[in-house]
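# Geometric and topological summary
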There are 2 protein chains.
Amino acid sequence: MLIAEPKSMHFAEPLPLQSGASVRDYTLAYETYGRLNADRSNAVLVCHALNASHHVAGIYADKPDNVGWWDTMIGPGKPVDTDRFFVIGVNNLGSCFGSTGPMHANPDTGRIYGSDFPVVTVEDWVDAQARLLDGLGIERLAAVMGGSLGGMQALSWTLRYPQRVRHAITVATAPNLNAENIAFNEVARRAITTDPDFHGGHFYEHNAVPKRGLRIARMIGHITYLSDDVMNEKFGRQLREGLELKYSTQDIEFQIESYLRYQGDKFSEYFDANTYLLITRALDYFDPAKPHEGNLTKALAAATAKFLVVSFTTDWRFSPARSREIVKALLDNHRDVSYAEIAAPHGHDAFLLEDARYLSVVRSYFERIAKEPA
Amino acid sequence: MLIAEPKSMHFAEPLPLQSGASVRDYTLAYETYGRLNADRSNAVLVCHALNASHHVAGIYADKPDNVGWWDTMIGPGKPVDTDRFFVIGVNNLGSCFGSTGPMHANPDTGRIYGSDFPVVTVEDWVDAQARLLDGLGIERLAAVMGGSLGGMQALSWTLRYPQRVRHAITVATAPNLNAENIAFNEVARRAITTDPDFHGGHFYEHNAVPKRGLRIARMIGHITYLSDDVMNEKFGRQLREGLELKYSTQDIEFQIESYLRYQGDKFSEYFDANTYLLITRALDYFDPAKPHEGNLTKALAAATAKFLVVSFTTDWRFSPARSREIVKALLDNHRDVSYAEIAAPHGHDAFLLEDARYLSVVRSYFERIAKEPA
């Protein structure tokens, strides 16, 4: 098993943000796997989604249970083979796993940022990641890749730094969120911000955590990550205890309730509420076609990278139709695009799961990258 | 316009409930439209869904803005023509629009029921409705009808009182909820019960209302009642103000956020939190096939009524596939079934909306009922 070591890089120079604000004196937590080759041409940047981190692959020497979130995909001999590629995982600005975020002190005031942490966008994250690569001495990526919100970052990389990306792999993503997705994000945010323990986002100084809101947010998330079919198969109408109903509105009756409550509880123990708000907003805001009157073909004209686009048939949050919009816009621009629509039962979650067809598509694509002249 | 008059009927005899508990000294609020004919053969019972009431059609003389929730369907010259049929709307036990519910005093203790109001099921409601019909001197219904949870009641009528129902019209319903629907209900319930203002369901005596929870519950409901398409068409990614982003996690940016917050606020002003719990539980519990090892064909063998089953193509909460399960089970039993699958863009909400094809299907069906010998 790959042994991962968390690292961090400090940045003194302010990062200008899309909102007009900026962040200074920030740190990015990251990990690397494999070795950068002599001509520095084998680097792969992995971008994370809502609740993940820089811990993409392997385990920690002292925490063998803490397996990276994309360990099925990345490692020695895996589809993204760390014997060939130098893989970088980075925790995004505003997240809560080591990089500077709402739980840290604002250098201007000495006070914990809380909800004063500036709103960050996908584009801001990409800019911060570019500075990390500068620090690592990497001018050009063999590939940038990510699923869901991570796929949005990969897409954004090809637009902001076209010369620095040879390949982009976007999995289970979309060129923007539709109204329904924004709506689910908004309900989750309202659950958090209306929790009395939120204290306007400055709950740290009240020694409080808006756990009720975080639980609800996570429960909503979980429902939307799974497909209807997989929920019916895993839980259906199974009762938690025996075969008889308890006739109670507040006790758990069905297994699905028990599962959701457990997921919500677990999440509320470790995830930062302000980070949840920031990251869902970054999802809402992402829309590269906006400056082009909604014309995605025009928006993607700037991208010169080659693409692998992957979607999953039962993903109703980031449906194949949304991935096909990206494919179409790239083809309109005569770009080199491979597209795989994987028949998988697991909904949006499929991008994190072990699925032989999915993993072999990515493996083949990375074999192609490895053979190509840099 | 039809002028409606709310009425009520008191029942001293205890109603035994499925849970083993019972309710005594309860009142049902109801309305009737049209006239019962001489042989009492033209009565139509309308069952309501989650947040509706006995006010099915028409307006109140002193409240001309308060239009019945199925006024497009029911009234003089409408698909369910009150010049021909005697239509009864009834508010269910445990609801919050006039019938006995959690906001009323428990006759055993003198204390407001709150969360002590017994859990009621679809079958309990049907039993209560049957007693109301007894009180009105109606032995047999020309038809029982309802949409969503109302459709479940109509279906249950044909199983509990097969001799009392000539026709059942079930719209946008299902033979039971699947895991995803139970999951959405559970998130809504958790939002309510974890609101500090819920006080274990006895918030009345604290002069509190768990509005935060009710708002979240309603927002979730609204998302699931609408189709993805109609949300994109009505709201899409439209900003509420101008074209520029505010870059805020808590302010409203998108129209869809504004719409959901408004719907949530409005709902939290009038709907009872304990009723929300009770009614979503009744939805979860309904499962006539359960005593038959999940075999719906066996379950529906008891039904002798003729059926009209209606579903809507974009309804992802009560999808056409679920209505087709009912149709199949009835056909397996050689029952008389008409089925209409309406291509409508509005999702589950379609059952409440004006749609020419939908209304004309119901109209034709009721013309057939009117012509049939009773």
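Details of the structure are given in the entry above.
This report concerns the structure included in the present document. (Residues numbered from 1 in each chain as written. Chains lettered and ligands numbered in written order. Predicted model: local features only at pLDDT ≥ 70, side-chain atom pairs only at ≥ 80, totals over all residues. Heavy atoms only, no water.)

## Some thoughts on the overall build of chain A
Counting its secondary structure elements, chain A contains 10 helices and 14 strands. Taken over the C-alpha atoms alone, chain A extends approximately 65 × 50 × 50 Å along its principal axes. Out of the 374 residues in chain A, the part that is buried amounts to 62%. A total accessible area of about 13,600 Å² is found for chain A, and carbon and sulfur atoms account for 49% of it. Computed over 38 positive and 46 negative side-chain charges, the inter-centroid distance for chain A is 3 Å. (Helix = DSSP H or I, 4+ residues; strand = E, 2+ residues; numbered from the N terminus. Buried < 20%, exposed > 50% of the residue type's maximum accessible area, 1.4 Å probe, protein only. Areas by Shrake-Rupley, 256 points an atom, 1.4 Å probe, with all protein chains shown as cover. Lys, Arg positive; Asp, Glu negative; His and termini not counted. Charge placed at Lys NZ, Arg CZ, Asp CG, Glu CD.)

## Observations regarding the sheet that holds strand β6 (residues 43-47) of chain B
Residue and element names in this part refer to chain B. Strands sit in the order β2-β5-β10-β6-β11-β12-β13-β14 across an open sheet of eight strands; the sheet is mixed. The sheet terminates laterally at β2 (7-11) and β14 (337-342), the two strands that pair on one side only. The average undirected angle you get between the axes of adjacent strands in this sheet is 20°. In terms of strand pairing, strand β12 (residues 165-171) meets strand β13 (residues 306-312) through five bridges, oriented parallel. Of the residues in β13, the one forming a bridge with Ala-168 is Phe-307. Its contacts with the sheet place helix α2 (residues 149-160) against β6, β11 (141-147), β12 and β13, and it is angled at close to 145° to β11. (Pairing = 2+ DSSP bridges. Axes fitted to C-alpha atoms, helices over the stretch in contact; angles between N-to-C directions. Contact = heavy atoms within 4.5 Å.)

## A word on α2(B)
The α-helix winds at 3.6 residues per turn, so residues separated by three or four positions along the chain end up facing the same way. Residue and element names in this part refer to chain B. Look at α2: 16 Å from first C-alpha to last across 12 residues, which is about the 16 Å you get at 1.5 Å a residue. Burial runs high along α2: 11 of the 12 residues are buried. Among all positions of α2, only Leu-149, Gly-150, Gly-151, Met-152, Gln-153, Ala-154, Leu-155, Ser-156, Trp-157, Thr-158 and Leu-159 are buried. (Expected span 1.5 Å × (residues − 1).)

## Some words on the interface of chain B and chain A
The interface of chain B with chain A comprises 59 residues on the first partner and 58 residues on the second. Together chain B and chain A conceal approximately 5,000 Å² of surface at their shared face, both sides included; 62% is due to carbon and sulfur atoms. By the criterion of area lost to chain A, the three top residues of chain B are B:Arg237, B:Tyr247 and B:Thr249, representing 16% of everything that side buries. In this assembly, chain B and chain A are joined by eight salt bridges. (Buried area = accessible area lost by both parts, 1.4 Å probe. Salt bridge = Lys/Arg side-chain N within 4 Å of Asp/Glu carboxyl O.)

## Re the packing of helix α3 (residues 179-193) of chain A against helix α6 (residues 255-270) of chain B
Two measures define how a pair of helices packs: the angle their axes make with one another and the distance between the axes. As a packed pair, α3(A) and α6(B) sit with axes 9 Å apart at the nearest point and diverge in direction by 50°. Classed by the angle they form, the pair α3(A) and α6(B) counts as oblique. As for the relative orientation of α3(A) and α6(B), their crossing is right-handed in sense. Contact with α3(A), carried on its side by A:Ala179, A:Ile182, A:Ala183, A:Glu186, A:Val187, A:Arg189 and A:Arg190, involves B:Ile256, B:Glu257, B:Leu260 and B:Arg261 of α6(B) and no other residues of that element. Within the contact of α3(A) with α6(B), the residues separate by chemical class into six nonpolar, no polar and five charged. (Parallel < 35°, antiparallel > 145°, perpendicular 65-115°, else oblique. Left-handed = near helix turned anticlockwise from the far one by under 90°. Nonpolar A, V, L, I, M, F, W, Y, C, P; charged D, E, K, R; others polar.)

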